[in-house]
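Residues per chain are reported as follows:
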Amino acid sequence: MTDFRSIVANIRLYFSSKTDFSDVLFTTEYPALKKSQPLSRPTVSVGIEAVDDRKTENVYDETVTPNVLLYNRETAINLRFIIHVPQSCGGLKCYELLTRLDSAIMDNTFNYSFDRIRCGSIEYDRDIGAFVQKVIIGITERTIMTA
Amino acid sequence: MKAIGCISRMINKYGTSLTMNAASSPLHGKVFCAFVQPLRYKNKMYLDGTFSPVGYVDQAYYLYIGPPEIDICSLPESASVAFSGRSYNFTRRERVVFGKDKVYYWSVLRAVIPEGETV
């Protein structure tokens, strides 16, 4: 069974512990905390936008005898990273963070199979007082369904 | 002229005591009085704040009316005032002039919330 809560928590932890991102606060979406006012530093929320979980044909590793079942289930998850940048940093900072996120997920230590990345345009959110950009990162988990 | 002095005296007599926090400004640490009151809300504003992906957003705003000798327009962007155990920063600030005389300053205050404060 895919534990979506753990995926989000692990990904937040992965980015939070990277020294390249020591200037950025990573949080899971809608935390039970107050937003700093004014926004103290660039902040990225991590959540799930969509999940597509499906059974597949059994896929075996045919290089060994007897063949070993590799997976029979594929879970495609669109992770939603929302970049929030304080007004004083300017909108371009969103692109800088996007570039850094992109290079971090290409890193070999990223445990998930990364498929795609796409982003929207930068907008200003008056309530939050920040420039905001949504980034979608697609990962696919291949697992064995036991039942 | 009489009216100007009267407004200043009223602010000093009936206003709330505030402490200025504005590093690099000569007003830093100054204790003074000003009127501070919650702003009334209109449509599309929520009295109880709202949740955003990065946390709860406190949408409380306060109207500040302060004495003419505390020039809040000259303060740095990060300046704040403290009272009742909380700090507030200035979002918008303006000077009100009567003829050539400054009568008072007004501003809209918003609470300063540190990172990690629970809801």
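Structure's up top.
The rules behind each value
Within any chain, residue numbers begin from 1 and follow the written order of that chain's sequence. The order in which chains are written sets their letters, starting at A; the order in which ligands are written sets their numbers, starting at 1. In keeping with the model being predicted, local features are shown solely for residues with a pLDDT of at least 70 and side-chain atom pairs are shown and tallied solely at 80 or more, while totals for entire chains, interfaces and linings include all residues. Each side-chain value is derived from all of the structure's non-hydrogen atoms; neither hydrogens nor water enter the calculation. In this analysis, rings of Phe, Tyr and Trp, with Trp reduced to its six-membered ring, are considered paired at centre separations within 6.5 Å, and the interplanar angle assigns stacked below 30 degrees, edge-to-face beyond 60, and tilted for intermediate values. In this text, helices come from DSSP runs of H or I with a minimum length of four residues, and strands from runs of E with a minimum of two, each type numbered from the N-terminal end. We call a residue buried when its accessible area falls under 20% of the maximum for its residue type, exposed when it is over 50%, and partly exposed in between, using a 1.4 Å probe and counting protein chains only. Placement of a charge over a ring requires the Lys NZ or Arg CZ to be within 6 Å of the ring centre, with the centre-to-atom vector within 35 degrees of the ring normal. In plain words, nonpolar cores are sets of buried Ala, Val, Leu, Ile, Met, Phe, Trp, Tyr and Cys residues tied together by side-chain atoms within 4.5 Å. Should any heavy atoms of two residues lie within 4.5 Å, those residues are considered in contact. Candidates for patches are residues over 30% relative accessible area with no salt bridge; among them, like charges are joined within 9 Å and nonpolar side chains (Val, Leu, Ile, Met, Phe, Trp, Tyr) within 5 Å. A 1.4 Å probe and the Shrake-Rupley method give the accessible areas. Residues count as covered only by the protein chains that appear here. Salt bridges are counted wherever a side-chain nitrogen of Lys or Arg sits within 4 Å of a carboxyl oxygen of Asp or Glu. By buried area we mean the combined loss of accessible area, with a 1.4 Å probe, across both parts when two parts are placed together. Polar contact is the term for a pair of N or O atoms within 3.5 Å; when the atoms are in protein, one must be able to donate a hydrogen and the other to accept it, and sequence-neighboring residues count only if both atoms are side-chain atoms. Under the grouping applied here, Gly and all other residues not named as nonpolar or charged are polar, the nonpolar ones being Ala, Val, Leu, Ile, Met, Phe, Trp, Tyr, Cys and Pro and the charged ones Asp, Glu, Lys and Arg.

A full pass over the atoms with the stated rule returns ten aromatic pairs over all chains. When the centroid spacing of 5.6 Å and the interplanar angle of 85 degrees are considered together, the rings of Tyr64(B) and Phe90(B) count as edge-to-face. Pair noted here: Tyr64(B) is in strand S5 (residues 61–66) and Phe90(B) is in strand S7 (residues 86–98), with a separation of 26 residues, a long-range link. For Tyr64(B), a relative accessible area of 0% gives the class buried. By the ring-pair criterion, three or more aromatic residues cluster together here, those being Tyr14(A), Phe15(A), Phe21(A), Phe26(A) and Phe81(A). Over the face of the ring belonging to Tyr71(A) we find Arg142(A), whose NZ or CZ atom lies 5.6 Å from the ring centre.

What follows covers the nonpolar core. Membership of the largest hydrophobic core comes to 26 residues, with the highest contact counts inside it found for Ile11(A), Phe15(A), Phe26(A), Phe81(A), Ile83(A) and Ile139(A). Taken together, the elements giving at least two residues each to this core come down to helix H1 (4–16), strand S2 (43–61), strand S3 (68–86), helix H2 (92–105) and strand S6 (130–143) of chain A. With six residues, H2(A) is the largest single contributor of residues to this core. Discounting residues that sit within four places of it in the chain, Ile83(A) has contacts with Thr43(A), Val44(A), Cys94(A), Leu97(A), Leu98(A), Leu101(A), Phe131(A), Val132(A), Gln133(A) and Val135(A). Ranked by size, the runner-up nonpolar core spans 19 residues in total, among them Leu18(B), Tyr64(B), Ile70(B) and Phe90(B).

The grouping of Tyr30(A), Phe51(B) and Val119(B) at the surface amounts to a nonpolar patch, some 320 Å² of accessible area in total. If you trace the backbone, Val119(B) turns up in the segment after strand S8 (101–111). Overall, the relative accessible area of 53% leaves Val119(B) in the exposed class.

Let us look at the interface of chain B and chain A. Contact with chain B, which involves 21 residues of that partner, is made by 21 residues of chain A. Surface buried jointly by chain B and chain A totals about 1900 Å² across both partners, of which 58% is contributed by carbon and sulfur atoms. Of all residues in chain B, the largest losses of buried area upon contact with chain A belong to Pro53(B), Val54(B) and Glu115(B), amounting jointly to 38% of the total for that side. If you look at where chain B meets chain A, you find two salt bridges. Between Glu117(B) and Lys34(A) there is a salt bridge whose closest N-O contact spans 3.3 Å. For the pair chain B and chain A, the interface holds nine residue pairs in polar contact (both at pLDDT 80 or more). At the level of secondary structure, the elements contributing two or more residues to the side of chain B that touches chain A comprise strand S3 (50–52), strand S4 (55–57), S7 and S8 of chain B. Here the residues of the side of chain B that touches chain A are counted per class, giving ten nonpolar, seven polar and four charged.

Turning to the environment of Ser88(A), a few remarks are in order. Among the secondary structure elements, Ser88(A) is positioned in the loop between S3 and H2. Separated by eleven residues in the primary sequence, Ser88(A) and Thr99(A) have C-alpha atoms spaced 20 Å apart.

Here we come to the pattern of salt bridges. Residue and element names in this part refer to chain A. The tally for this structure, following the rule as stated, stands at 14 salt bridges over all chains. Aspartate 23 serves as the salt-bridge partner of arginine 100, at 2.7 Å between the closest nitrogen and oxygen. Here aspartate 23 lies in the loop between H1 and strand S1 (25–28) and arginine 100 lies in helix H2, a separation of 77 residues in the sequence. Taking relative accessible area as the criterion, arginine 100 reaches 19% and is therefore assigned buried. The salt bridge partner of lysine 93 is glutamate 96, with a shortest N-O separation of 3.3 Å. Taken as a pair, lysine 93 and glutamate 96 lie in helix H2 at a separation of three residues, close to a single helical turn. Accessibility expressed as a relative area gives 34% for glutamate 96, which makes it partly exposed. In this structure, a network of salt bridges that share partners links the residues Asp23, Lys93, Glu96 and Arg100.

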